[in-house]
Amino acid sequence: MRPLPERLLADLVTIRRPVQTAVAGSKRPVFERQVVAQGVKARFNPAGTNMSRNVLGQTPKRSMRIFVNPPVDLRENDEVVRESDGEVFVVTEVKDFFGGHLEAVLEERK
């Protein structure tokens, strides 16, 4: 498969990955987000809205699909930040289409 044409990739994103470290002198874990890639061209498409049930009742969570060309190291639980408005999403599923392009399902992070 061929990569997606550059004209279709309209947004720029930053990809951050959670890295677990321990606090000095204890075993308490701390998660930090390290930047994996910055200025990656991508395309966002809305995928729908899921209802999340918790103590506060039902809260809507938007989900999006993102399309990127390789070589981009994108994994589940990575954080994707849209650079145009600073909106943050968490990757829930990644699909690799035979090395042509990556498609990932994202959920809005609140």
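Residues take numbers from 1 onward in each chain, read along the sequence in its written order. Note on the predicted model: pLDDT of at least 70 is required for a residue's local features to be given, and 80 or more for side-chain atom pairs to be given and counted; whole-chain, interface and lining totals, by contrast, use all residues. Excluding hydrogens and water, the side-chain values take into account all heavy atoms of the structure.

1. Some points on unusual backbone geometry
Stage number 1. Located in the positive-phi region is Asn-77, a residue other than glycine, with phi close to 75 degrees.
Stage number 2. Examined against the element boundaries, Asn-77 turns out to sit in the loop between β3 (57-68) and β4 (79-82). In DSSP terms, a helix is any run of H or I states spanning at least four residues, a strand is any run of E spanning at least two, and both are numbered starting from the N terminus.

2. Describing the packing of aromatic side chains
Stage number 1. When two rings of Phe, Tyr or Trp (its six-membered ring) have centres within 6.5 Å they constitute a pair, described as stacked for plane angles under 30 degrees, edge-to-face for angles over 60, and tilted for the intermediate range. Within the structure shown, the criterion is met by 1 aromatic pair.
Stage number 2. The interplanar angle of 40 degrees and the centroid separation of 5.6 Å between the aromatic rings of Phe-44 and Phe-89 together place this pair among those described as tilted. Residue Phe-44 is located in strand β2 (residues 29-54), and its partner Phe-89 is located in strand β5 (residues 88-97); the two are separated by 45 residues in the primary sequence. Assigned by exposure class, Phe-44 and Phe-89 land together as buried.
Stage number 3. The residue whose ring lies beneath Arg-82 is Phe-44, and the NZ or CZ to ring-centre distance is 4.6 Å. Only protein chains enter the accessibility calculation, which uses a 1.4 Å probe; a residue whose area is less than 20% of its type maximum is buried, one above 50% is exposed, and one in between is partly exposed. Whether a charge sits over a ring comes down to the Lys NZ or Arg CZ being within 6 Å of the ring centre and within 35 degrees of the ring normal.

3. What about the environment of Glu-93?
Stage number 1. By the secondary structure assignment, Glu-93 is in strand β5.
Stage number 2. It is 12 Å that separates the C-alpha atoms of Glu-93 and Phe-67, two residues lying 26 residues apart in sequence.
Stage number 3. We call two residues in contact whenever any of their non-hydrogen atoms come within 4.5 Å of each other. Beyond its immediate stretch of four places on either side in the chain, Glu-93 contacts Glu-76, Glu-103, Ala-104 and Val-105.

4. Comments concerning the side chain of Arg-17
Stage number 1. Tracing the chain through its elements places Arg-17 in strand β1 (residues 11-22).
Stage number 2. A polar contact is formed between the side chain of Arg-17 and the backbone oxygen of Asp-73, at a distance of 3.0 Å.
Stage number 3. In the analysis that follows, any N or O atom pair within 3.5 Å is treated as a polar contact, provided that within protein one partner can donate a hydrogen and the other can accept it, and provided that, for residues neighboring in sequence, both atoms belong to side chains. Among the polar contacts made by the side chain of Arg-17, one reaches the side chain of Asp-78 at a distance of 2.9 Å.
Stage number 4. Discounting chain neighbours no more than four positions away, the residues touching Arg-17 are Glu-32, Arg-33, Gln-34, Val-36, Asp-73, Leu-74, Arg-75 and Asp-78.

Limitation: the analysis is restricted to geometry and does not speak to function.
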